[in-house]
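Below, each chain spelled out in residue letters.
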Amino acid sequence: MDRRLYEINRDIEVLTAAHARQRQLDAQIEELYRQRGERQTRVDETAQRFHKEQDDVDKLEKGGLRSFLLSLTGEKEERLDQERREALAAKFQYDQAKSDLEYVENKLNSLIRERDGLRGSQERLEALWEEKSELVKAMGGPQGQQLAELDRQLADLSHQQKELEEAISAGENAKRLLGQVQNDLDSARNWGTWDMLGGGLIATMAKYDRLDSAQSSIQAAQRALSDFRTELADVSRLQVPNIQIGEFATFADYFFDGIFSDWYVQSSIKTAQEGVSEVHMKLTATLRNLDVILQDVVRRRAPLEAKREELLDSISS
């Protein structure tokens, strides 16, 4: 092979990867800006709620007419406990929202820095393709020109396949983590049923141990879904929903010894299970669609590669 052609092919391979990555980053950055907006809205909402709940606690603790009237009826301590629990739950949601926002912002800033380092790759790539086209045309006439065009098409399909495989891998990871969430919730609900039937402290502690595990799993799954949405941005317009889990009312059982509190926790777990199941189904459907697209790309490559081999044999003979 002509030495210059060898050098061009090598540089084209590097720059094609760089240009494909830059194009991918453009789409992913745009998606992360959307996610950052969603996370910021969530932070603002949870901050407002937390401050409101904390204000209610402060007012009762500092006294005043409402505090005095509740003291007269003997309801002050019960109400104060309730307000503190609600403030604690609101703070948990606020802290989680801030953590989610920070995760997205860090990833966004990282991808922007990476994209900045790839600027100019498209112009250099186009110049190399033009040089290659002229060179192979001189070497092989019209067949050489066809070969250059086939190489360009195959390079594009190759990177499409790589991007799809990366998106599918990210989706499978999110699906695995959703399965872990569902297992934790199933276990928590089973222990909660036993708790309601008089399972005692062991059942109560086991239930909350599973709920704590579910909360950790949910955070990991949420971030995996964010990664999947980001990977998906440049290969599909399919939308992947966020997990919306609401409150588990984790704190209620520790302060109330009543069947209503237990039923509320069970109802919250059931709602969370339904939400996770819905996300899992949508994610599975999205992965099926991506696999169809991937198989189509693989099928489109096969005849082009066969044609390329024919042209190479023709030019070399």
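Residues numbered from 1 in each chain as written. Predicted model: local features only at pLDDT ≥ 70, side-chain atom pairs only at ≥ 80, totals over all residues. Heavy atoms only, no water.

> Can you walk me through the overall build of the protein in this structure?
In terms of helices and strands, the protein carries 7 helices and 0 strands. Counted from the first residue to the last, the protein has its helices and strands arranged as α-α-α-α-α-α-α. Residue pairs at least 24 apart in sequence account for 82% of intrachain contacts in the protein once pairs closer than 6 positions are excluded. (Helix = DSSP H or I, 4+ residues; strand = E, 2+ residues; numbered from the N terminus. Contact = heavy atoms within 4.5 Å.)

> Help me understand the nonpolar core in this model?
Most often, soluble globular proteins have nonpolar side chains that are buried together. Counting residues in hydrophobic clusters, the biggest one holds 31 residues, and the most contacted among them are Phe228, Leu283 and Leu290. For this core, the secondary structure elements donating two or more residues are helix 4 (121–196), helix 5 (200–232) and helix 7 (259–316). Sort the elements by how many residues they give to this core and helix 4 lands first, with 13 residues. (Core = buried A, V, L, I, M, F, W, Y, C linked by side-chain atoms within 4.5 Å. Buried < 20%, exposed > 50% of the residue type's maximum accessible area, 1.4 Å probe, protein only.)

> What should I look at first to understand the pattern of salt bridges in this one?
It is possible for side chains of opposite charge to pair when their charged atoms get near one another. Tallied over the entire structure, the rule returns 16 salt bridges. Put simply, Arg34 and Glu31 hold a salt bridge, and the shortest N to O gap is 2.8 Å. Residue Arg34 and its partner Glu31 are both found in helix 1 (residues 3–62); the two are separated by 3 residues, about one turn of the helix. Look at Arg34 and you get partly exposed, because its relative accessible area is 34%. Residue class for Glu31 comes out buried when judged on its relative accessible area of 3%. (Salt bridge = Lys/Arg side-chain N within 4 Å of Asp/Glu carboxyl O.)

> Sorry, what's going on with the side chain of Gln35 here?
When you line up the elements, Gln35 lands in helix 1. Using a relative accessible area of 0% as the deciding quantity, one classes Gln35 as buried. At 2.5 Å, the side chain of Gln35 forms a polar contact with the side chain of Ser226. With residues up to four places along the chain from it excluded, the contact list for Gln35 reads Val104, Ser226, Arg229 and Thr230. (Polar contact = N/O pair within 3.5 Å; in protein donor to acceptor, adjacent residues only side chain to side chain.)

> Explain the packing of aromatic side chains here, please?
For any pair of aromatic rings, the description rests on two quantities: the centre-to-centre distance and the angle between the ring planes. On inspection of all chains with the given rule, the structure shows 1 aromatic pair. Ring geometry for Phe50 versus Tyr94: centroids 5.9 Å apart, planes at 20°, classification stacked. Taken together, the positions of Phe50 in helix 1 and Tyr94 in helix 3 (residues 76–116) put the pair 44 residues apart, joining distant regions of the chain. Pair check on accessibility: Phe50 and Tyr94 agree, each one buried. (Phe/Tyr/Trp six-rings, centres within 6.5 Å; stacked < 30°, edge-to-face > 60°.)

> I'm lost on the confidence of the model for the protein in this one. Help?
Any segment with low pLDDT has predicted coordinates that should not be analysed in fine detail. Scored by pLDDT, the protein has a mean of 75; 71% of the residues are at 70 or more. The low-confidence segment residues 244–261, where pLDDT is below 50, has 39 contacts with residues more than four positions distant or belonging to other chains. (pLDDT = per-residue confidence, 0-100.)

> Even after reading the chapter, I still don't get the environment of Glu149, so can you show me in this structure?
By secondary structure assignment, the location of Glu149 is in helix 4. Overall, the relative accessible area of 42% leaves Glu149 in the partly exposed class. Each C-alpha atom of the pair Glu149 and Arg308 lies 9.8 Å from the other, and the pair is 159 residues apart in sequence.

> Would you take a moment to explain the environment of Leu118 for this structure?
Relative to the elements of secondary structure, Leu118 occurs in the loop between helix 3 and helix 4. Expressed as a C-alpha distance, the spacing of Leu118 and Arg21, which sit 97 residues apart in the sequence, is 8.3 Å. Each residue touching Leu118, except ones within four places of it in the same chain, is listed here: Ala18, Arg21, Gln22 and Leu25.

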